[in-house]
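Structure assessment
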Amino acid sequence: MPLLTARLQLGGKAAALMLLLLGWCAQLRAETPAEREYALKAACLFNFCQFITWPADAFDSPSAPIVIGVLGTDPFGAVLDAMVRGESIRGRQIRIIRYRRVDEALNSHLLFISASESARLNFILRAVQGRRIVTIGENDDFLDEGGMIALAAVENRVRLRIKLSAIRGGGVSVSSKLLRVADIVP
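A quick note: this is a predicted structure, and the numbers were derived from the prediction, not measured.

Here we look at the nonpolar core
A general trend in soluble globular proteins is that nonpolar side chains are found buried together. With 46 residues, the main nonpolar core has F48, I52, V134 and I149 as its most contacted residues. The element best represented in this core is helix α2 (residues 33–51), accounting for 11 residues. Not counting residues up to four positions away in its chain, the partners in contact with I52 are R90, L110, V134, I149, V172, S173, V174 and L178. Grouped together as the second largest cluster of nonpolar side chains are 16 residues, Y99, I124, I133 and F142 included.

What about the environment of I68?
Checked against the element boundaries, I68 lands in strand β2 (residues 66–71). Sequence spacing of I68 and L111 is 43 residues, and the spatial spacing of their C-alpha atoms is 5.9 Å. Once you skip the residues sitting within four places of it in the chain, I68 turns out to touch L45, C49, L80, V84, I94, R95, I96, I97 and L110.

A look at the sheet that holds strand β3 (residues 88–89)
Spatial ordering of the open sheet is given by β3-β4-β2-β5-β6-β7-β8-β10, a layout of eight strands whose pairing is mixed. The open sheet has two edge strands, β3 and β10 (183–185), and neither has a second partner. Packing of α2 onto the sheet brings it into contact with β2, β3, β4 (92–99), β5 (110–113), β6 (134–137), β7 (149–154) and β8 (157–163), and relative to β7 it is tilted by some 155 degrees. Its contacts with the sheet put helix α4 (residues 121–128) on β2, β5 and β6, and the angle it makes with β5 is roughly 170 degrees.

Some details on the confidence of the model for the protein chain
Across the protein chain, the average pLDDT comes to 85, with 83% of residues at 70 or higher. Contacts from residues 1–17, a stretch scored under 50 in pLDDT, to residues over four places away or in other chains number 36 contacts. Below pLDDT 50 for its whole length, residues 23–28 participates in 13 contacts with residues either more than four positions away or in separate chains.

Reading the values: rules and limits
- Residues numbered from 1 in each chain as written.
- Predicted model: local features only at pLDDT ≥ 70, side-chain atom pairs only at ≥ 80, totals over all residues.
- Heavy atoms only, no water.
- Core = buried A, V, L, I, M, F, W, Y, C linked by side-chain atoms within 4.5 Å.
- Buried < 20%, exposed > 50% of the residue type's maximum accessible area, 1.4 Å probe, protein only.
- Helix = DSSP H or I, 4+ residues; strand = E, 2+ residues; numbered from the N terminus.
- Contact = heavy atoms within 4.5 Å.
- Pairing = 2+ DSSP bridges.
- Axes fitted to C-alpha atoms, helices over the stretch in contact; angles between N-to-C directions.
- pLDDT = per-residue confidence, 0-100.

Next comes the structure, spelled out in structure tokens:
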């Protein structure tokens, strides 16, 4: 099986940083382009936990985990679970929870909204608005609808776009290291 090779649409120095961030992703094995795409997106979700800081009141307790929610059809399979297994960030373990309905996902910190939910996207984003949930979608329209981070697949690459005003409105802070590797949307 070929090793996963992650190619990102980034500028020179930003690409180097992102490759560093995703370095261990090369250990993953992926067969198809879709598996490679979602392995890379899973690595992005994990790395977002490192470069996004939530206020203390976003957690039930000082030791509560960072919850990565996947809403809708799960495109990751086991790769996302494998990616975070045994990992902790700032003393918090990372937990993956899959949801069918948005009202179940309100305790997430990162919420990946699957493409299967595109018809309900507006409803979902309104339901999480004002909470300390960083929303992540899969296309550029996601940002236009009010989402925070778009991971769009473009020609065997994943393009990272961040809508900074939406992130800041969510009460979380994003490291400049992450912002340097993203296309910023005002």
